[in-house]
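If you want the building blocks of each chain, they are given just below.
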Amino acid sequence: MNPCRSFSIPAFLKSCRPMFWLAAFLLLCGSGCVSGTRPAPQVIFDTDISSDVDDVGAVAVLHALADRNEVGILAMAVSSGDPWSVPCLHALNAWFGREDIPVGKAREPAVTHESLYTMKIVEEFGGQSTVERPSEDAVDLYRRILASQPDGSVTIVTVGYLTNLADLLHSSADSYSNMEGHALVRQKVKRLVCMGGEFPSGREWNLYQDAVSTKAVVDGWPTPIVFCGFEIGKDIMTGADLRKGGKDNPVRRSYELYNAVQNRQSWDQVTVLYAVRMAGDPDDPTFAMQPGKIMVSDDGTNSWQAGEPALQAYLKLRIPAGELASDIEQLMTAR
Ligand SMILES: [Ca+2]
C-alpha cells in the first residue's frame, strides 16, 4: 500500500520514522566527513584471530589502508584465548612493517579454539622475539590508548568476541584515567563497528561464543554501534588471488594452512573496509543503515528492534557483493 495515498499528519510522521531515526543516528555518529576532506579514522582493532582466516585477511586490509594513509592504527587487541593468537598478530604486523603496534591479550578464561595457522605463522614468520614478547592486558591497553586520544576521536573495530570490550566497560579508574570504563568510552570513542549478529535476526558466532560479554556491550555501550552482520560478509568471497603472490607472505600462508588458498567469506574484511572508508558518510553508496537496537538473548541469539533509540544500526549492502570482493581482494594482495 502506498502510504501517501491517504495523507494525514500522524500517518506521514509514522511513514517518515525510519528516515528520522537514520538522520538522528548519523547526527549522533558525527559525519566527520565532507567530500574530499575525510580525516583518517584512528582505529583500535579487536580480533579473535585463530579459528577462522578472515581475521588475517582483515589485518591485511587494515595495513593496506594504513599504507594509503586512509587509517591510523592505534592498537590491536585479541579476544581469543589461543596462546598463539597474540604472537601471530605480532608476526603479521611485523611483516607489514608495523611491529610497534601494541597488541593486548584477553583476560582468562577467554574463548579458545584450535587454529589451523596461528602457531605455524609464528614459527615461520615470528621468530623467538615474537614468542617472548611480553603481552599487555587488553583492558590496560584500551585504557592507556583511549586516555591519550582526543575526545570523541577513536573508532573501535571488533571482528571477534566482545570479551575485551565488556571488560573495558567494567574497568575501574587507574593510572591512565580517573574515569571508569563506561565514562572513558563515552568520552573518547567515536563509534564501535562490530562484525557480529545476523540481521534482522539470527545466531552468529561472535555474539554467542561469549554471550555474557555480548549482552553487557550491546546493552551498555554509550556510543553509536554499527553492526556488520553475517549476511554481509557471507557472499563476499576473497583469498584465492593470494596464490598469485609470493610464498613468503604470511597472509597467503595463513590461507594455505586454512583452506589451500581457496576463496573464503569476508566477514571481517568488509567490516574493516566499512569502518575506514564508509562509516559516517551520509552519502555512502555502498551501504544503507537500519537504525534501531539489537536484542540479544542469553544464548547469543539476536533480533532487531527498529526505530528508537538511534544509537545503533545495522548495515545493508546496496551494491553487488562481487564489487566489494574485488576491492577487498586488491587490498589483501597489495603487498
Ligand atoms: Ca573474526
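Every chain's residues receive numbers from 1 upward, in the order its sequence appears when written. Whole-chain, interface and lining totals are the exception, using all residues; otherwise, since this is a predicted model, local features are given only for residues with pLDDT of at least 70 and side-chain atom pairs are given and counted only at 80 or more. Water and hydrogen atoms were dropped before computing side-chain values, which therefore reflect all heavy atoms in the structure.

Asks: Quick question: what am I supposed to make of the sheet that holds strand β6 (residues 189-195) here?
Replies: Either a parallel or an antiparallel arrangement is found when strands of a sheet pair, and the pairing is made through backbone hydrogen bonds. Pairs of strands are assigned from DSSP output, requiring at least two bridges between the strands. Secondary structure elements are taken from DSSP: a helix is a run of H or I of four residues or more, a strand is a run of E of two residues or more, and numbering for both begins at the N terminus. The strand order across the open sheet built from 11 strands is β4-β3-β2-β1-β5-β6-β8-β13-β11-β12-β7, with neighbouring strands paired in mixed fashion. The sheet is open, and its two edges are formed by β4 (136-137) and β7 (202-203), each paired on a single side. Looking at chain direction, strand β3 (residues 103-105) and β4 are connected through 2 bridges and run parallel. Each residue of the ladder has a partner; that of G104, found in β4, is E136. Against the sheet, helix α7 (residues 181-188) engages β5 (154-158) and β6, with an angle of about 100° to β6. Residue contacts are counted whenever heavy atoms from the two residues lie within 4.5 Å of one another. Note on geometry: axes are C-alpha line fits, over the in-contact stretch for helices, and angles between N-to-C directions span 0 to 180 degrees. Sheet strands touched by helix α9 (residues 211-220): β6, β8 (225-228), β11 (287-296) and β13 (312-317). Its angle to β11, the strand with the most contacts, is close to 120°.

Asks: How should I be thinking about the coordination of the calcium ion in this particular structure?
Replies: Each pair of donors in an ideal four-coordinate tetrahedral metal site encloses 109.5 degrees, whereas pairs in an ideal six-coordinate octahedral site enclose 90 or 180 degrees. Each metal's donors comprise the N, O and S atoms found within 2.8 Å of it (within 3.2 Å for Na, K or Ca). Water is not part of the atom list, so some coordination spheres may appear incomplete. Distances from the calcium ion to its protein donors, D48 (OD), D55 (OD), D55 (OD), V159 (O) and D268 (OD), fall at 2.3 to 2.6 Å. For the calcium ion, all donor residues lie on one chain, and their spacing in sequence is D-x6-D-x103-V-x108-D. Of the two residues, D55 is situated in helix α2 (residues 54-67) and V159 in the loop between β5 and α6 (163-169); the sequence distance between them amounts to 104 residues. On the basis of relative accessibility, which here comes to 2%, the residue D55 falls in the buried class. Think of it in three bands: with a 1.4 Å probe and only protein chains considered, a residue is buried below 20% of the maximum accessible area for its type, exposed above 50%, and partly exposed in between.

Asks: Looking at this structure, how should I read the nonpolar core?
Replies: General note: in soluble globular proteins, nonpolar side chains tend to be found buried as a group. Counting 60 residues, the largest nonpolar core has F45, I49, V272 and Y274 as its most contacted members. Counting residues per element, this core draws most heavily on α2, which supplies 9 residues. For V272, the contacting residues outside a window of four places in its chain are F45, A58, V61, L62, L65 and V157. In this text, buried Ala, Val, Leu, Ile, Met, Phe, Trp, Tyr and Cys residues form a nonpolar core when linked through side-chain atoms within 4.5 Å. Listed in part, the 33 residues of the second largest apolar core include A75, M179, V185 and V217.

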